[in-house]
Amino acid sequence: MTLPVFLVPALPSGADAVLDGPEGRHAATVRRLRAGEELVLSDGTGAQVRCVVDEALKDSLRLRVVERWVVPEPAVRVVLAQALVKGDRGELAVELATEAGVDGVVPWKAARCVTKWEDGPRGAKALERWRSTAREAAKQARRARVPSVAEPVGTPALAGLAQSATVALVLHESAPVNLKAVTLPDAGEVLLVVGPEGGITDAELSALTEAGAHAVRLGPTVLRASTAAAVALGALGVLTDRWR
């Protein structure tokens, strides 16, 4: 089995460390790690250390560092522009995309979104749920890097992101071409746009394609807004060098 990963604000600089706080409590009381067992500490930005448990305390662990390394970013980064989805399906979309390897998430306030993130505490709370979901999913998937979750954007700002990306792809069930037909880069950023359950409007699709985005379909079936990104990321993992 791969070693469990625990996220910490900063990695230990010396040979010894203490894992405390919520992560230490989880390691000691839930995972019940004991002396001699190993784990990985990660700062969420690629740097990791492998540690051996020297002593298990009530809600913390005393550790000995045995190895350090840095996982580089992939040559082809994928940023997901995910339309806001009703209920907990937004968190599901972020969770699945994180497990599938997404490098960043941009919440999109599409015209047909049922869910609305208003400015103020409620919107901030919804954004924090997405960020927390990305963090927990990255730990579950043993990822060295936690995807960033940006502030939500409207369609004009999303068109700007599409223009600056190396390649921008808009998933659309009526697109004339399949994802496989698009030439993907060897390096750079792929912006992947997933619309709401109600679909992307003609005006939104026009704005994005005028900014250089390609409308593509994944296959003959229509996927839900919460699962489409994960399926597309799997395809991109195979069609590029991301999974090699």
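Scroll up for the structure.
Right, let's walk through the structure included here.

Analysis parameters
Residues numbered from 1 in each chain as written. Predicted model: local features only at pLDDT ≥ 70, side-chain atom pairs only at ≥ 80, totals over all residues. Heavy atoms only, no water. Helix = DSSP H or I, 4+ residues; strand = E, 2+ residues; numbered from the N terminus. Expected span 1.5 Å × (residues − 1). Buried < 20%, exposed > 50% of the residue type's maximum accessible area, 1.4 Å probe, protein only. Contact = heavy atoms within 4.5 Å. Pairing = 2+ DSSP bridges. Arc of directions from axis to C-beta. Salt bridge = Lys/Arg side-chain N within 4 Å of Asp/Glu carboxyl O.

Quick look at helix 6 (residues 228–239)
Argument step 1. Taking 1.5 Å of rise per residue, the 12 residues of helix 6 would be expected to cover 16 Å, and the 16 Å separating its terminal C-alpha atoms lies within 8% of that figure.
Argument step 2. Listed in full, the buried residues belonging to helix 6 are A228, A229, A230, A232, L233, G234, L236 and G237.
Argument step 3. Buried positions along helix 6 lie against strand 6 (76–83), helix 2 (89–99), strand 9 (167–171) and strand 11 (188–194).

Quick word on the sheet that holds strand 12 (residues 214–217)
Argument step 1. Within the open sheet, the seven strands sit side by side as 8-7-6-11-9-12-10. Their pairing is parallel. Taken across any chain shown, the strands that pair with only one partner, and hence form the sheet edges, are strand 8 (148–149) and strand 10 (177–178).
Argument step 2. The sheet contact formed by strand 6 and strand 11 spans seven bridges and is parallel. Counterpart to V78 in the pairing with strand 11 is V190.

Comments concerning helix 5 (residues 202–210)
Argument step 1. If you check which residues of helix 5 are buried, you get E204, L205 and L208. Projected onto a plane normal to the axis of helix 5, the buried residues spread over an arc of 95° and lie on a single side. Among the exposed residues of helix 5, those pointing more than 90 degrees away from its buried face are D202, A203 and E210.
Argument step 2. Contacts from the buried residues of helix 5 go to strand 7 (104–108), helix 4 (155–164), strand 9, strand 11 and strand 12.
Argument step 3. Looking one or two places after helix 5, you find G212, whose phi comes out positive at around 110°.

Topic: the pattern of salt bridges
Side chains bearing opposite charge may pair, as long as their charged atoms lie close to each other.
Argument step 1. Taken as a whole, this structure holds 13 salt bridges when the rule is applied.
Argument step 2. One salt bridge in this structure joins R50 and E67, with 3.0 Å as the shortest N-O distance. Linking R50 in strand 4 (residues 47–56) with E67 in strand 5 (residues 61–70), this pair joins segments that are 17 residues apart in sequence.
Argument step 3. A residue is classified by how much of its surface remains accessible, and R50, at 22% relative accessible area, is partly exposed.

Description of the pairing of strand 2 (residues 16–19)
Successive side chains on a regular strand alternate, one facing one side of the sheet and the next facing the other.
Argument step 1. Burial of the side chains of strand 2 is restricted to one face: A17 and L19 are buried, whereas none of D16 and V18 on the reverse face is.
Argument step 2. Inspection of the sheet shows strand 2 paired to strand 5 by four bridges, in the antiparallel sense. Considered in strand 5, the bridge of D16 is made with R64.

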